[in-house]
Amino acid sequence: MLSFGPTRQMLRSVKRSLWPPVDPGLVDAGREGELAVARARIAIVVVLALSPAAEMIRHPQETPAALALAIEMLFLALAVTILQLARRHPPAASLGFVTAAIDVSFVTFYHATIFASGFALIAITSRVTFALYLLAILATSLRNDGRVATFAGTLAAVEWLALMQWASLTGFAQAALADGRFYGDIDAAGQAEEIVLIGTATMLARIIIARARGLRLSSIRDNLTGLLTRAHFEERLATELMRGSRHHRPLALAIIDVDQFKRVNDTAGHLAGDEVLREVAVRLTRTVRRTDLCARFGGDEFALAFIDTSVADAAAKLEEIRRTVSMTPIPLKIHAVVTITCSAGVAVAPLDGGDATSLIAIADARLLAAKKAGRDRLMVAG
């Protein structure tokens with residue numbers, strides 16, 4: 001019987017390479033990059049509008065210049081609108097793809113207007129105008145999302161080849177082909193050099209994103225458990241609270257403490273204590289959703305944020321977590337087994353407050369109450 005397992009695995013590997021998963025924290029970090037690109041986009045459109053504006057001043061009756069200026073003004077209005085959208089917190093998840101498509105398509109449209117204005121040689125051979133494609137692709141590296149870079153590079157290659165085909169079919173490229181300084185061709189084979197440049201720019205953008213991803217992950221992930229750090233958790237928590245307030249959705253915050261963890265360190269050693277913390281982290285991540293937040297809050301404390309979750313649903317989930325942690329012994333490398341319990345305090349927005357500081361304080365107070373009440377339990381509102 002034929003086995004398609006290796007083939008499927010290879011296809012998944014290729015897909016993961018071309019379309020890598022993105023940590024939500026990296027997308028949030030790309031917001032500043034999106035703002036920088038939005039400001040640069042406005043500046044570029046203004047500079048490009050200077051030429052038709054000057055032409056209109058010299059020749060007021062010049063119709064092509066008036067049309068070009070009108071189009072530039074439309075793009076300027078679009079660029080300003082995009083800047084306003086980029087300032088929203090959090091930005092729309094698809095904003096990076098939309099703006100990358102606009103940037104690439106604007107370059108294509110710019111080339112098309114050069115063709116239509118009778119400057120086909122410039123449109124085909126000028127490295128200055130073609131470099132706008134490369135700038136649009138490299139700018140995606142500021143968004144910290146490799147998928148956007150892949151999308152922009154693919155779109156640029158497709159639109160450039162389509163532009164060359166359009167120029168050939170409409171006759172706009174005949175002047176450039178007849179000029180002795182132009183040695184290429186309009187078909188795909190003749191445009192191989194341009195496609196290689198687009199592919200190279202895409203690879204460079206992906207490499208920059210990968211480097212930034214490594215640095216970013218090292219700053220937002222706890223070295224021992226791989227969970228979010230407290231600082232990044234609180235940053236993401238504030239973002240989710242803003243989103244929940246906008247859409248009137250609840251959020252449950254839980255602070256979990258490993259009961260009498262000091263005893264594990266004192267009897268089995270700190271390395272064994274590290275094993276226990278890593279195993280608790282594994283059990284927590286197995287029981288929460290991908291959309292939820294899970295962090296090491298400090299020492300033997302963990303924090304969970306259940307997105308769009310009521311107090312009753314959060315209590316049921318935490319009771320399941322408590323049983324999972326407490327009922328399953330943890331084998332240690334020192335050929336010993338330890339059984340632990342945990343306690344948790346829960347606060348829910350907007351019932352207990354709408355900001356991260358208030359929720360953390362209330363959840364921490366309820367955690368302390370749970371420990372004073374005998375440990376191995378959770379404490380919620382009421």
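Structure report, in brief. Worth saying up front: this structure is predicted, and the values here are computed from it rather than measured.

### Topic: the packing of helix H11 (residues 261–268) against helix H12 (residues 270–287)
Close contact between H11 and H12 brings their axes to 7 Å; oriented N to C, the two are set at 140°. By the criterion of interaxial angle, the relationship of H11 to H12 is oblique. Facing Phe261, Val264, Asn265 and Ala268 of H11, the residues of H12 in contact are His270, Ala272, Gly273, Val276 and Leu277. Of the residues assigned to the contact of H11 with H12, the class counts are 6 nonpolar, 3 polar and no charged.

### Quick look at the sheet that holds strand E7 (residues 378–379)
Overall, mixed pairing links the 5 strands, which are arranged E2-E3-E1-E6-E7 in an open sheet. In this open sheet, the two strands that pair with only one neighbour each are strand E2 (293–298) and E7. By the bridge criterion, 2 bridges tie strand E6 (residues 342–349) to E7 in an arrangement that is parallel. The residue of E7 that forms the bridge with Ala344 is Leu378.

### Structural notes on the pattern of salt bridges
This structure, assessed with the given rule, holds 17 salt bridges. As a salt-bridge pair, Arg230 and Glu234 come within 3.0 Å of each other at their nearest N and O atoms. Of this pair, Arg230 and Glu234 both sit in helix H10 (residues 230–247), separated by 4 residues, roughly a single helical turn. For Arg230, a relative accessible area of 38% translates into the label partly exposed. One salt bridge connects Lys317 with Glu320, and the closest N-O pair in it is separated by 3.7 Å. Separated by 3 residues within a single helix, Lys317 and Glu320 lie in helix H13 (residues 311–327), roughly one turn from each other.

The rules behind the values
Residues numbered from 1 in each chain as written. Predicted model: local features only at pLDDT ≥ 70, side-chain atom pairs only at ≥ 80, totals over all residues. Heavy atoms only, no water. Axes fitted to C-alpha atoms, helices over the stretch in contact; angles between N-to-C directions. Helix = DSSP H or I, 4+ residues; strand = E, 2+ residues; numbered from the N terminus. Parallel < 35°, antiparallel > 145°, perpendicular 65-115°, else oblique. Contact = heavy atoms within 4.5 Å. Nonpolar A, V, L, I, M, F, W, Y, C, P; charged D, E, K, R; others polar. Pairing = 2+ DSSP bridges. Salt bridge = Lys/Arg side-chain N within 4 Å of Asp/Glu carboxyl O. Buried < 20%, exposed > 50% of the residue type's maximum accessible area, 1.4 Å probe, protein only.

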